[in-house]
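Inside the fold
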Amino acid sequence: MAQEDTNRSRKRPWFAVGLTMLVPGLGHLYLRLWGRAVLWIVMTGLGLTLAAPAGALPNAFAFEAMLAALSALTVGAVLDFFSSLPLESVVLLCGVLALCIVDVYLMALRRNALVDRAERVAAGEQPRQCPNCGREVDPDIDFCHWCTTELAAEKE
């Protein structure tokens, strides 16, 4: 896994958030989190399907119908669609979008932390680990902030 982490590059969390605000799941694609991207795209589509009033979405998912719908997609059409939704549906869709934004931001931070750790290990720095839980701990404190186990002071 360490070899996999060293081949990764840092990603910009706010850029991923911006992509996600355009299309939920797009920020996850930027982070190369394929499974999560598909999950958020499906959840957004499911939310739109459940939230849309009858007749607002095409009944058939034919390729021609999808192309026609995308070609007619304008800001006014989107605003008209959302203004026709009941408040519960708007809250549902905003909630899905908010969760997707939080997820993509946290995943970008996590990815960058893994890349930083891999670079430190590659540079020869050995991270200090807790003997109880095995997680990386801050070298300046004398207990594990994950499981609160007291750490023995290292001899210099």
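Look a little higher up for the structure.
Computed from a prediction, not measured in an experiment: that's the story for all the values here.

Here's the deal with the layout of surface pockets
Estimated volume of the second largest pocket: approximately 300 Å³. What lines the second largest pocket is simply Arg 110, Ala 113, Leu 114, Asp 116, Arg 117, Arg 120, Gln 129, Gly 134, Arg 135, Glu 136, His 145 and Trp 146.

What to know about the pattern of salt bridges
Side chains carrying opposite charge are able to pair once their charged atoms draw close together. Per the counting criterion, the structure on display carries five salt bridges. A salt bridge links Arg 36 to Asp 103; its shortest N-O distance comes to 2.6 Å. Residue Arg 36 is found in helix H4 (residues 34–51), and its partner Asp 103 is found in helix H7 (residues 87–122); the two are separated by 67 residues along the sequence.

A word on H7
Spanning 36 residues, H7 covers 52 Å between terminal C-alpha atoms, matching the ideal 52 Å at 1.5 Å per step. Every buried residue belonging to H7 is among Ser 89, Leu 93, Val 96, Cys 100, Asp 103, Val 104, Met 107, Ala 108, Arg 111, Asn 112, Val 115 and Ala 118, and all of these are buried. Looking one or two places after H7, you find Gly 124, whose phi comes out positive at around 100°.

Quick look at the packing of aromatic side chains
Scanning all chains against the criterion turns up two aromatic pairs. Seen from their ring centres, Trp 14 and Tyr 105 are 5.0 Å apart, and the 45° between their planes marks the pair as tilted. Taken together, the positions of Trp 14 in helix H2 (residues 13–22) and Tyr 105 in helix H7 put the pair 91 residues apart, joining distant regions of the chain. Plain terms: the ring middles of Phe 15 and Tyr 30 are 5.0 Å apart, the flat faces sit at 75° to each other, and that makes the pair edge-to-face. Here the residue Phe 15 occupies a position in helix H2, and Tyr 30 occupies one in helix H3 (residues 26–30), the gap between them amounting to 15 residues. Directly above the ring of Tyr 30 sits Lys 11, whose terminal nitrogen or CZ lies 4.9 Å from the centroid. We note Arg 135 situated over the ring of Trp 146; from NZ or CZ to the ring centre the distance is 3.8 Å.

Structural notes on a nonpolar patch on the surface
A surface patch of nonpolar side chains, about 300 Å² in accessible area, is lined by Leu 29, Trp 34 and Ile 41. Relative to the elements of secondary structure, Leu 29 occurs in helix H3. Residue class for Leu 29 comes out partly exposed when judged on its relative accessible area of 33%.

Some words on the environment of Leu 106
Here Leu 106 is to be found in helix H7. Look at Leu 106 and you get partly exposed, because its relative accessible area is 47%.

With respect to unusual backbone geometry
Positive phi values are uncommon outside glycine, yet Arg 32 reaches one of about 65°. For Arg 32, the position within the fold is in the loop between H3 and H4. Positive phi values are uncommon outside glycine, yet Thr 148 reaches one of about 65°. Topologically, Thr 148 is positioned in the segment after H7. Relative accessible area serves as the criterion here: at 62%, Thr 148 is assigned to the exposed category.

Here's the deal with H2
Within the span of H2, buried status applies to Pro 13, Ala 16, Val 17, Leu 19 and Thr 20. One side of H2 holds all its buried residues, which, seen down the axis, span an arc of 160°. Across H2 from its buried face, at more than 90 degrees, point the exposed residues Trp 14, Met 21 and Leu 22.

Conventions and cut-offs
Residues numbered from 1 in each chain as written. Predicted model: local features only at pLDDT ≥ 70, side-chain atom pairs only at ≥ 80, totals over all residues. Heavy atoms only, no water. 1 Å grid on protein atoms, 1.4 Å probe; cavity = no way out; pocket = protein on both sides within 12 Å on 5 of 7 lines; lining within 4 Å. Points joined across faces, edges and corners; volume = space filled by probe spheres on them. Salt bridge = Lys/Arg side-chain N within 4 Å of Asp/Glu carboxyl O. Helix = DSSP H or I, 4+ residues; strand = E, 2+ residues; numbered from the N terminus. Expected span 1.5 Å × (residues − 1). Buried < 20%, exposed > 50% of the residue type's maximum accessible area, 1.4 Å probe, protein only. Phe/Tyr/Trp six-rings, centres within 6.5 Å; stacked < 30°, edge-to-face > 60°. Lys NZ or Arg CZ within 6 Å of the ring centre and 35° of its normal. Patch = residues over 30% accessible without salt bridge, like charges linked within 9 Å, V, L, I, M, F, W, Y side chains within 5 Å. Areas by Shrake-Rupley, 256 points an atom, 1.4 Å probe, with all protein chains shown as cover. Arc of directions from axis to C-beta.

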